[in-house]
Amino acid sequence: MKPVIIVNFKAYKEGTGKEAVELAKICEMVALETGKNIVIAVEEVDIHKISSLVKIPVYSEHLDPIYSGAHTGQNLPKALKDNGAEGTILNHSEDRFRIDQLEESIKIAKVIGLKTVVCANDSNIAEAVASFKPDMIAIEPPELIGGDISVSTAKPEIITDTISKVNKTAIIPVLCGAGIKNRSDVKKAIDLGAKGILVASGIVKASNPEESLKELVEGL
Ligand code: G3P
């Protein structure tokens, strides 16, 4: 897999609605200019608009483990796909799933044709979810999320432990995220064996997201 930067827009005001469209276009421009693999994950309500305006992959930040039918107020995987999503984040620290729901979500995503990036807050959880065979696993220590010290600097061992535990079960690309702010954070992660990174505040809340994303891409 080509190393990837996944920009998670979360529900930041700079990453939703009109601002999300602008940010998505910046991410697309940087991807085109640099030839790097940049994916964006956006709020479900913004998927249709954004995916019709940019050519880089657009992921959902969440889905619910349901098929079409009598469900109210849930995010139907087929609708996400039909509206342009290519994949989804699952089990983010800010959106934890019960294990049975996670297993079912991955299963349904495979049937529908959505890629899955499953987050894990430690290497044991990562090892457990590897048996569900998601497309990618992302290790993100919750205490570092949104901060200024990156996972690759503060906890390099969590990345290497996760890779070796996951690989006992299946060959699944492991990404990492939390506190990623500069090219050296990205480079360290890649040198440790990660196949990419997830980033949110370092881009979405940056004073100059274009410059910040170009900086990160250099570490890929
Ligand atoms: O999904 C990525 C995210 O949780 C990392 O957040 O703000 O530390 O880059 P941040």
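The text that follows walks through the structure, step by step, so that each part is easy to find. Owing to the predicted nature of the structure, the values given are computational and were not obtained by experimental measurement.

1. Some remarks on the site of the ligand
Alright, step 1. The immediate surroundings of the ligand are formed by Asn 8, Lys 10, His 92, Glu 140, Ile 145, Gly 146, Ala 178, Gly 179, Leu 198, Val 199, Ala 200 and Ser 201.
Alright, step 2. Asn 8 has a polar side-chain atom sitting 3.0 Å from an oxygen atom of the ligand.
Alright, step 3. Contact with the protein chains covers 100% of the free accessible surface of the ligand, which is 310 Å².
Alright, step 4. More than half of the atoms belonging to the ligand lie within 2 Å of the grid points that define the largest cavity.

2. Digging into the pairing of strand E6 (residues 136-139)
Side-chain positions along a regular strand alternate between the two faces of the sheet.
Alright, step 1. Burial along E6 is two-sided: the residues Met 136 and Ala 138 and Ile 137 and Ile 139 are all buried.
Alright, step 2. With four bridges connecting them, strand E5 (residues 115-120) and E6 associate as parallel partners. Within the sheet, the bridge partner assigned to Val 117 lies in E6 and is Met 136.
Alright, step 3. Traced from E5 through helix H5 (residues 123-130) to E6, the parallel crossover comes out right-handed.
Alright, step 4. As judged from the three bridges shared by E6 and strand E7 (residues 174-177), these two strands associate in the parallel manner. From the neighbouring strand, Ile 139 faces E7, where its bridge partner is Cys 176.

3. Some points on helix H10 (residues 209-217)
Alright, step 1. Listed in full, the buried residues belonging to H10 are Pro 209, Ser 212, Leu 213, Leu 216 and Val 217. Along the axis of H10, the buried residues cluster in a sector spanning 135 degrees; they form a single face.
Alright, step 2. In this fold, the buried residues of H10 make contact with strand E1 (4-8), helix H1 (17-34), strand E2 (37-42), helix H8 (183-191), strand E8 (196-199) and helix H9 (201-204).

Rules and cut-offs
- Residues numbered from 1 in each chain as written.
- Predicted model: local features only at pLDDT ≥ 70, side-chain atom pairs only at ≥ 80, totals over all residues.
- Heavy atoms only, no water.
- Near = heavy atom within 4 Å.
- Polar contact = N/O pair within 3.5 Å; in protein donor to acceptor, adjacent residues only side chain to side chain.
- Areas by Shrake-Rupley, 256 points an atom, 1.4 Å probe, with all protein chains shown as cover.
- 1 Å grid on protein atoms, 1.4 Å probe; cavity = no way out; pocket = protein on both sides within 12 Å on 5 of 7 lines; lining within 4 Å.
- Sits in = over half its atoms within 2 Å of the grid points.
- Buried < 20%, exposed > 50% of the residue type's maximum accessible area, 1.4 Å probe, protein only.
- Helix = DSSP H or I, 4+ residues; strand = E, 2+ residues; numbered from the N terminus.
- Pairing = 2+ DSSP bridges.
- Right-handed = clockwise from strand over helix to strand, strands pointing away.
- Arc of directions from axis to C-beta.
- Contact = heavy atoms within 4.5 Å.

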